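Working through the structure, step by step
Listed here are the chains, written in short residue letters.
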Amino acid sequence: MPSERARAKINLHLHVVGRRPDGYHLLDSLVVFAGAADGLTVEPADALSLSVTGPFAAGLDGEADNLVLRAARALAMHANVPPAGRLVLEKNLPIASGIGGGSADAAAALRLLDRFWRIGAGPRTLAAIAGGLGADVPVCVASQPASMSGIGEILAPAPGLPEAGIVLVNPGVAVSTPAVFRARNGGFSAAAVWPAEGWRDAASLAASLRGTGNDLEAPALGLAPLIGEALAALAADPDCLLARMSGSGATCFGLYADSAAAQRAAVAVARPGWWVWGGAIDAG
């Protein structure tokens with residue numbers, strides 16, 4: 001059965017650098033992906049449908065216009081093909097958690113149905129369609145490390161990334177992205193500047209990242225104090241090189257020297273009711 005993985009997107013840093021006249025915030029972010037993922041499959045059917053399974057399926061109950069369906073209809077309209085197929089989404093990533101789950105699902109739908117419907121749209125066309133679905137969807141189409149700017153639509157290859165491990169921790173709360181932006185106070189940050197040659201190891205990457213931050217972390221903490229507990233649990237691990245929130249939260253990450261250290265740490269930081277994953281960063 002044709003399938004696609006919708007991998008978790010992690011914002012290693014996230015600066016709010018300005019605001020457009022229409023109210024959209026301008027961002028600067030270094031984005032990577034990890035092996036934690038939702039799964040999407042499709043099989044022939046006369047009409048388009050979506051069913052959701054997996055540990056976080058209940059969070060999508062009643063969503064008749066899920067982003068996956070919106071992506072499918074947008075692709076069908078672009079290609080002038082009938083939208084048909086029985087889609088099944090295995091929802092393994094937490095909902096509204098700052099790791100692009102819904103955006104990754106939409107991007108996976110574009111890639112999967114582009115093949116299934118034999119459209120052959122190509123990465124640029126899929127990215128253009130993705131831009132109409134949400135700010136994080138274009139970067140999720142490629143699912144490769146990237147420097148992201150604008151409102152998310154301007155993408156450039158990331159500097160060379162080293163081998164590194166990452167632990168993802170969601171303390172069991174969902175955070176609304178619009179609410180986090182509304183709660184944000186203060187001015188704007190400068191865009192980050194990275195070494196052109198990239199980084200030799202995870203420790204040097206962490207050192208660079210310490211000169212940056214996530215401008216949405218403080219307002220998210222105000223809305224969901226449990227984020228602080230997740231950050232504290234990661235920071236208390238002696239092998240953790242950097243602990244930070246991803247996106248608008250509530251998922252936090254810890255950066256590690258390698259995947260083995262991250263897998264060990266994932267076991268150590270686990271708490272009842274928390275979602276935890278440990279493994280490698282995809283360096284592209």
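Here the structure is shown first, and the text comes after it.
All figures in this text were calculated on a predicted structure; none of them were measured in a lab.

Analysis parameters
- Residues numbered from 1 in each chain as written.
- Predicted model: local features only at pLDDT ≥ 70, side-chain atom pairs only at ≥ 80, totals over all residues.
- Heavy atoms only, no water.
- Helix = DSSP H or I, 4+ residues; strand = E, 2+ residues; numbered from the N terminus.
- Rg over C-alpha atoms; globule rule 2.2 N^0.38 Å.
- Buried < 20%, exposed > 50% of the residue type's maximum accessible area, 1.4 Å probe, protein only.
- Contact = heavy atoms within 4.5 Å.
- Areas by Shrake-Rupley, 256 points an atom, 1.4 Å probe, with all protein chains shown as cover.
- Lys, Arg positive; Asp, Glu negative; His and termini not counted.
- Charge placed at Lys NZ, Arg CZ, Asp CG, Glu CD.
- Salt bridge = Lys/Arg side-chain N within 4 Å of Asp/Glu carboxyl O.
- Core = buried A, V, L, I, M, F, W, Y, C linked by side-chain atoms within 4.5 Å.
- Pairing = 2+ DSSP bridges.
- Phe/Tyr/Trp six-rings, centres within 6.5 Å; stacked < 30°, edge-to-face > 60°.
- Expected span 1.5 Å × (residues − 1).
- Polar contact = N/O pair within 3.5 Å; in protein donor to acceptor, adjacent residues only side chain to side chain.
- Axes fitted to C-alpha atoms, helices over the stretch in contact; angles between N-to-C directions.
- Left-handed = near helix turned anticlockwise from the far one by under 90°.
- Nonpolar A, V, L, I, M, F, W, Y, C, P; charged D, E, K, R; others polar.

So, about the overall build of the protein chain. Helix and strand counts for the protein chain come out as 9 helices and 10 strands. For the protein chain, the C-alpha radius of gyration of 18 Å lies close to 19 Å, the compact-globule estimate for 284 residues. Each principal axis of the C-alpha atoms in the protein chain carries an extent, and together these give about 55 × 40 × 35 Å. The proportion of buried residues among the 284 residues of the protein chain is 52%. Restricting the contact set of the protein chain to residue pairs at least 6 apart, pairs at least 24 apart contribute 75%. For the protein chain, the accessible surface area stands at approximately 12,000 Å², while carbon and sulfur atoms represent 55% of it. Charged side chains in the protein chain number 20 positive and 24 negative. The centres of these two groups are separated by 3 Å.

As a further point, take the pattern of salt bridges. Counting across every chain of the model gives 11 salt bridges. Residue aspartate 282 pairs with arginine 7 through a salt bridge whose shortest N-O separation is 2.7 Å. Residue aspartate 282 is found in strand β10 (residues 275–282), and its partner arginine 7 is found in strand β1 (residues 3–19); the two are separated by 275 residues along the sequence. For aspartate 282, a relative accessible area of 25% puts it in the partly exposed group.

This brings us to the nonpolar core. Ranked by size, the top nonpolar core spans 36 residues in total, and within it Leu40, Leu75, Leu87, Leu110, Leu113 and Val139 carry the most contacts. Looking at this core, the elements that each hand over two or more residues are β2 (25–43), α1 (67–79), β4 (85–90), α2 (101–116), α3 (123–131), α4 (137–142) and β5 (146–150). The greatest single-element share of this core, amounting to 8 residues, is contributed by α2. Ignoring anything within four residues of it in the chain, the contact list for leucine 75 reads Leu110, Leu113, Asp114, Trp117, Ile119, Leu126 and Ile129. With 27 residues, the next largest nonpolar core counts Ala220, Leu231, Tyr256 and Ala266 among its residues.

This part is about the pairing of strand β6 (residues 154–157). Note: β5 against β6, 4 bridges, orientation antiparallel. Pairing of alanine 146 across the sheet is with proline 157, part of β6. Hairpin connection of β5 to β6: 3 residues between the antiparallel strands, including glycine 152 at a positive phi of 125°.

Here we take up the packing of aromatic side chains. Tallied over the full model, the rule gives 1 aromatic pair. Taking 5.5 Å as the distance between ring centres and 70° as the angle between the ring planes, the aromatic pair formed by tryptophan 194 and tryptophan 199 counts as edge-to-face. Across the pair, tryptophan 199 and tryptophan 194 agree in class, each one buried.

Among the secondary structure elements, leucine 93 is positioned in the loop between β4 and α2. Here leucine 93 falls in the buried class, since its relative accessible area comes to 0%. A sequence separation of 21 residues divides leucine 93 from alanine 72, and the C-alpha atoms of the two residues are 20 Å apart. Once residues within four sequence positions are removed from consideration, leucine 93 is found in contact with Ala6, Ala8, Ala36, Ala37, Asp38, Phe56, Ile99, Gly101 and Trp275.

Across the chain, the bulk of peptide bonds are trans and the bulk of non-glycine residues have phi less than zero. Along the chain, glycine 249 connects to alanine 250 via a cis peptide bond; the corresponding omega equals 15°. By secondary structure assignment, the location of alanine 250 is in the loop between β8 (242–245) and β9 (252–256). The backbone of alanine 96 shows a phi angle near 50°, a positive value even though the residue is not glycine. In this model, serine 143 sits at a positive phi of 50°, which is unusual for a non-glycine residue. When you line up the elements, serine 143 lands in the loop between α4 and β5.

Count 3.6 residues to each turn of an α-helix, and residues three or four apart come out pointing the same way. End to end, α1 covers 18 Å across 13 residues, agreeing with the expected 18 Å (1.5 Å per residue, within 8%). For α1, the side-chain oxygen to backbone nitrogen distance between the N-cap and valine 68 is 2.6 Å, and the N-cap itself is asparagine 66. Residue asparagine 80 follows α1 closely and has a positive phi angle near 55°.

Right, let's get into the packing of α1 against α2. Between α1 and α2, whose axes approach to 8 Å, the crossing angle comes to 35°. Remark: the crossing between α1 and α2 carries right-handed chirality. Contact residues: Leu67, Val68, Ala71, Ala72 and Leu75 in α1; Gly102, Ser103, Asp105, Ala106, Ala109, Leu110, Leu113 and Asp114 in α2. Within the contact of α1 with α2, the residues separate by chemical class into 9 nonpolar, 2 polar and 2 charged.

By themselves, these figures tell us nothing about what the structure is for.
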